Amino acid sequence: MTGSGKGEKHSSIIPGQISAIRADPIADSPYEEALSKTGYGKFHYYVLILFGGTYIASSMEVTLVSFIIPAAKCDFSMSSRDAGILTAAPLFGMTLGSFFWGFMADLNGRRNVLVYSLIFGGLCGYASSIAQYFPVFLLLRFFNGFCMVGALSLCLPYLGEFQPIRIREKVLCWMEMAWTSGIILLPAIAWLIIPMKFEIKSEYFLFHSWNLFVIASATPAFLLGLWALRFPESPKFLFDIGEQEKALEAMKYIYHINTGKAKETFPVESLEEKGISIIGFNMEYSKTKKHTRSLSVLVRNMVVIAKTLFKPPYRKKTLLSCSISFGVTSCYYTLMLWFPELFTRFEYYSVLHPGQSASVCEVSSVFIEREGPCEANIENQVYLNTIIVGVACIPTSLWLPTCVNKLGTKFFIVFCVFCASCLSLGMNFVTTSTQNLVLSCLFESLTSLGVVTLYCILVEIFPTNVRVMATSLTIASGRVGALLGNLVFGYLIDFECIVPILLCSGVLFATGIACIFLPVKMKIKTIEFV
């Protein structure tokens, strides 16, 4: 979305996204006029299904390890420290992959990056399903995260560039529901497959139900990557790099799919280059002939923009957004990936001590002191609890798009982060499985909403020419936080249980204070607070 001045439109961004819609075309630009002539029909519904499916597949792959930990701990002889490293591996891959795929998307186009990231992400998932050694499995999950973040980074830019300007913001905002759907679908698939009792075993090969679950979870990404081959390159991307003829051909294809009419009847004969901001790189770079464009030129432009972000007037905004992303995302992903394990520990305690209550730390101490052979069983209640946590995110997913204009983004992020801090601290005081479930539902829904709101604010506080790099830096900071959070949680949960709980609460409280200083207005009805 490209734009300047009064006509600028802003779009919401979903958790996991790396690149924002980088430009906001004004409504009367040649591109927008031509795009409106393509109509709105089957093609746009296909695009919604593709990217909704991509969001679902991405959320499944990102949170997959939360069920692998209790299911595969015996096969890999995993300790809690190993589990922490495993949850951090795909997040580390996503941290590194965010900039790589962002560069490639600006260099070679959106569609190619979407196709390659989905297909290779699926292939890495397939390969990890048959890994026989923990280090190999760890490495393949790293590459899976590295690839899947490419699809995440392209979802909203690619989707938004096909949408008419009048409904673009609404379409992007409601895509959050797809992420929530993936969070709900993953435990349902796990519940269907992991309890199966079968084993394929030889001297050098072992295959259990959890391996089949990994295959099932990787399949949507692989199939969506193959389907994406049938879609055209973004006409907006082609238009902004000076490929007007190819952009026009892409629009003719959309027109043909939507209306069923011949491409030759498309009522636009040519596209003029005027009044358009550039996506992802500067005007000089975009006008360079395709055969002379190189990765080094793109990287040079990105470095220039990155340096600009740490100079006035952007320095304060950049530091605030990166620190807030680090704080919120570290706690969100850490507890989200550890919830199934915590549910498992509560179920284990309830079997040993029926009718008795205990804190999370007391439950964990009993769990690590258990004797006897390793058991990889996951109780049915664990799957059900995880589904409930996902369903709990639906109301907040609906609350944001329906009330953001009345309350403002600043209200949402401040409210969510401070409440999440209190809920995190409350984890030390829960004494039953039901209390743990309620707290988990509230924490998950509020932190998820906080992450979404932060990405909405990024579009509001950064101008078009630096927005993509600001978004990349912010989300990379969040991934680093998530990586460190999982490592710390895995190292301390068994021996110093209270430390990660207090640390998470303290980080969120400090983050909430930082949110107050975001340069956006907080509106409650007709009263505005700067």
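Residues numbered from 1 in each chain as written. Predicted model: local features only at pLDDT ≥ 70, side-chain atom pairs only at ≥ 80, totals over all residues. Heavy atoms only, no water.

Asks: For this particular structure, what's the right way to read the pattern of salt bridges?
Replies: Once the charged atoms of two side chains with opposite charge are near each other, the side chains can pair. A complete count under the given rule lists 2 salt bridges for this structure. With its nearest N and O atoms 3.8 Å apart, the salt bridge here joins Arg141 to Glu61. Taken together, the residues Arg141 in helix α6 (residues 134-160) and Glu61 in helix α2 (residues 42-63) connect sequence positions 80 residues apart. For the pair formed by Arg141 and Glu61, the shared burial category is buried. Glu249 is paired through a salt bridge with Lys252; the nearest N and O atoms lie 3.6 Å apart. Of this pair, Glu249 and Lys252 both sit in helix α11 (residues 244-259), 3 residues apart, roughly one helical turn. (Salt bridge = Lys/Arg side-chain N within 4 Å of Asp/Glu carboxyl O. Helix = DSSP H or I, 4+ residues; strand = E, 2+ residues; numbered from the N terminus. Buried < 20%, exposed > 50% of the residue type's maximum accessible area, 1.4 Å probe, protein only.)

Asks: Just checking my understanding: could you explain unusual backbone geometry for this structure?
Replies: Residues other than glycine predominantly adopt negative phi, and peptide bonds predominantly adopt the trans conformation. Between Pro312 and the following residue, Pro313, the backbone shows a cis peptide bond with an omega angle of 5°. The residue Pro313 is located in the loop between α13 (295-309) and α14 (315-352) in this model. One non-glycine residue, Ser77, adopts positive backbone phi at about 50°. As for its position among the elements, Ser77 is in the loop between α3 (65-76) and α4 (80-108).

Asks: What's the story with the packing of aromatic side chains in this structure? I'm lost.
Replies: To describe a pair of aromatic rings, you give the distance between the ring centres and the angle between the ring planes. If you walk through the whole model with that rule in mind, you get 31 aromatic pairs. On the basis of an interplanar angle of 90° and a centroid distance of 6.5 Å, the ring pair of Trp399 and Phe411 is categorised as edge-to-face. Of the two residues, Trp399 is situated in helix α17 (residues 393-407) and Phe411 in helix α18 (residues 409-426); the sequence distance between them amounts to 12 residues. Take Phe411: its relative accessible area is 18%, and that puts it in the buried class. Ring centres 6.0 Å apart and planes at 85° place the aromatic pair Trp399 and Phe415 in the edge-to-face group. Here Phe415 lies in helix α18 and Trp399 lies in helix α17, a separation of 16 residues in the sequence. The class for Phe415 is partly exposed, based on a relative accessible area of 33%. Here the aromatic cluster, defined as three or more aromatic residues joined through ring pairs, consists of Phe92, Phe100, Trp101, Phe142, Phe143 and Phe146. (Phe/Tyr/Trp six-rings, centres within 6.5 Å; stacked < 30°, edge-to-face > 60°.)

Asks: Is there a simple way to explain the environment of Ser472 in this structure?
Replies: Mapped onto the secondary structure, Ser472 falls in helix α20 (residues 464-492). With 166 residues separating them in the primary sequence, Ser472 and Ala306 have C-alpha atoms 9.7 Å apart.

Asks: Which parts of the structure should I look at to understand α11?
Replies: Since there are 3.6 residues in each turn of an α-helix, residues three or four apart along the chain are aligned in direction. Helix length check: α11, at 16 residues, gives a terminal C-alpha distance of 22 Å against a target of 22 Å (1.5 Å per residue), a fit within 8%. Residues of α11 that are buried include every one of Gln244, Ala247, Leu248, Ala250, Met251, Lys252, Ile254, Tyr255, Ile257 and Asn258, and no others. Elements that come into contact with the buried residues of α11 comprise α1 (30-36), α2 and α10 (235-240). Once α11 finishes, Gly260 follows within two positions and takes phi at roughly 80°, a positive value. (Expected span 1.5 Å × (residues − 1). Contact = heavy atoms within 4.5 Å.)

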